[in-house]
Protein chains: 2
Amino acid sequence: MVQNIIVTVDVVLLTLRDERLHVAVQRRDKEPYNGQLALPGGYIHDNEDFDAEGSARRMLKDKTGIAAPYLEQLETFANSARDPRGWSVSVAYYALVAPESLSVGQLDLLPVDGLPVLAFDHNKLVAAAVQRVRNKAAYSSLACYLLPERFTLTELQHTYEKILGSRLDKSSFRRKISSLDFLEMVKDEVQAGRQRPAQFWKLKQGSLTIFDKLL
Amino acid sequence: MVQNIIVTVDVVLLTLRDERLHVAVQRRDKEPYNGQLALPGGYIHDNEDFDAEGSARRMLKDKTGIAAPYLEQLETFANSARDPRGWSVSVAYYALVAPESLSVGQLDLLPVDGLPVLAFDHNKLVAAAVQRVRNKAAYSSLACYLLPERFTLTELQHTYEKILGSRLDKSSFRRKISSLDFLEMVKDEVQAGRQRPAQFWKLKQGSLTIFDKLL
DNA sequence: GAAATAGTGTCTCTCAGACACTATAAA
DNA sequence: TTTATAGTGTCTGAGAGACACTATTTC
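Predicted model, so just to flag it, every value in this text is computed and none were measured.

**A look at the domain arrangement of chain A**
All names here are of chain A.
And step 1. Domain boundaries in chain A define domain 1 (6-137) and domain 2 (141-203).
And step 2. Placing a centre on the C-alpha atoms of domain 1 and another on those of domain 2 gives a separation of 28 Å.
And step 3. The interface of domain 1 with domain 2 comprises 16 residues on the first partner and 10 residues on the second.
And step 4. Taking both partners together, domain 1 and domain 2 bury about 1200 Å²; carbon and sulfur atoms supply 76% of that area.
And step 5. Connecting domain 1 to domain 2 are 1 salt bridge.
And step 6. Our count for the domain 1 to domain 2 interface comes out at 0 residue pairs in polar contact (both at pLDDT 80 or more).
And step 7. Sort the elements by how many residues they give to the side of domain 1 that touches domain 2 and helix α2 (residues 122-137) lands first, with 4 residues.
And step 8. Here the side of domain 1 that touches domain 2 is built from residues that sort into 11 nonpolar, 1 polar and 4 charged.

Dropping the structure here:
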């Protein structure tokens, strides 16, 4: 059995900037699609990577310097038409980071709504990631990963609102969040401003908390 | 760039039998894992299959004769350790069928709880599929695909109960289902028995309906 | 004091769970 | 009539949405 199949990993790196979800892209410097915008990604190195998630982390590290974002497998795109070189498989991952932690190097950040045409089927990958995030955020603590480690409840609520695209009631939101008990108060740390200071919070444990739909 | 990576598709075919979820497995007749139980699956044929879902359908068709079950991509398992032949990728799918439509040929049906050790990492694939089905069934019309085309509301309720592993209230269940409006009454068709006949229903359109958690 | 935002209290309306009830068949 | 299951009606308690209120800072 001889297969002639290209195996790659691509990463949809999302962050929140100027009130909207943005995705990281870079201009390709080789064929195919030379000069076009594409997601960070590349071949799996079967002599170097242990698994596909490892490949994804390597690519993120190489291209953004980010070592430990929220990272999850998205979907696999595999057919004979997506790459002019032949039958190809892309195991797609998506990653979430706080805008602060992203020093844009070789990468550009573009709003996910109204993207230009990207290389390969990368527009599809972005669409799938955005749909997944919008959907999953509605019933989980996912939104926290788009914020820095410490944040206020108002910032968290605004993050949810930007992702979901709808207003949330402050009182209901706080009731829900505090009943779920996945946040930990950062003692003695508050956000100062020209008004009443806001309490800082952070995620309690590493794992994602799932709950009933917020909206 | 030369890659030495095996690319396969495996299918977790699930059905409901004797009150419990069962998975279809077959005994392997070649190395590696010769003689062990494994999921139906195999190499992607890059000269024959258009995409990975096509591969999955081909394998289902070849090994079960089933042409159009509910079929969805599950997750991709890709690392250097899962196959003794080297770095390998398995794009896993799961399929749901009514027990009636399954004429067990070369396949065995085993309860998903308490499976023996399967070849490769196939126990992991089954676990992932079962978790996905149990989770997704709670907030969608997924359970309908484990029933024949026509079914009664009581049968549907029992199907949900078997998947979710908990009792549902008849009145609440019917309120919910009818408010969601994804079922169509099969006029003049009822299930006879030694008591009041039950109305038959079927899915209205092809696509899955998503709703708030049942439980 | 005013302005601005953080954070809480309370009312109401909806809806899920519980459960009793009615309906329609076979024997 | 009894038995068995299909299918409906009704009460209640928990919780979400709406919104008004209090709290704490800067100026």
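Additional details are given in the paragraphs that follow.
**Some remarks on the protein's contact with DNA strand D**
And step 1. The environment of DNA strand D is made up of 20 residues, and the closest members are A:Ser171, A:Arg196, B:Lys170, B:Ser171 and B:Gln199.
And step 2. Looking at DNA strand D alone, sugar and phosphate atoms form 53% of those within 4 Å of the protein.
And step 3. One nitrogen or oxygen atom from the side chain of B:Arg174 is found 3.5 Å from a sugar or linking oxygen belonging to DNA strand D.
And step 4. In the environment of DNA strand D, a phosphate oxygen lies 2.9 Å from a nitrogen or oxygen atom belonging to the backbone of B:Gln199.

**A short note on the interface of chain B and chain A**
And step 1. On the chain A side, the residues contacting the 28 residues of chain B number 28 residues.
And step 2. A combined buried area of about 2300 Å² lies between chain B and chain A, and 59% of that area is made up of carbon and sulfur atoms.
And step 3. Three residues stand out in chain B for area buried against chain A, namely B:Gln3, B:Asp46 and B:Trp87, and they jointly supply 25% of the buried area on that side.
And step 4. On inspection of chain B and its partner chain A, the count reaches 0 salt bridges.
And step 5. Our count for the contact surface shared by chain B and chain A stands at 11 residue pairs in polar contact (both at pLDDT 80 or more).
And step 6. When residues of the side of chain B that touches chain A are traced back to their parent elements, those giving at least two are β1 (6-17), β5 (70-79) and β6 (88-96) of chain B.
And step 7. It is β5(B) that provides the largest number of residues to the side of chain B that touches chain A, a total of 5 residues.

Each value, and the rule that gives it
- Residues numbered from 1 in each chain as written.
- Chains lettered and ligands numbered in written order.
- Predicted model: local features only at pLDDT ≥ 70, side-chain atom pairs only at ≥ 80, totals over all residues.
- Heavy atoms only, no water.
- Domains from an automatic or database assignment.
- Contact = heavy atoms within 4.5 Å.
- Buried area = accessible area lost by both parts, 1.4 Å probe.
- Salt bridge = Lys/Arg side-chain N within 4 Å of Asp/Glu carboxyl O.
- Polar contact = N/O pair within 3.5 Å; in protein donor to acceptor, adjacent residues only side chain to side chain.
- Helix = DSSP H or I, 4+ residues; strand = E, 2+ residues; numbered from the N terminus.
- Nonpolar A, V, L, I, M, F, W, Y, C, P; charged D, E, K, R; others polar.
- Near = heavy atom within 4 Å.

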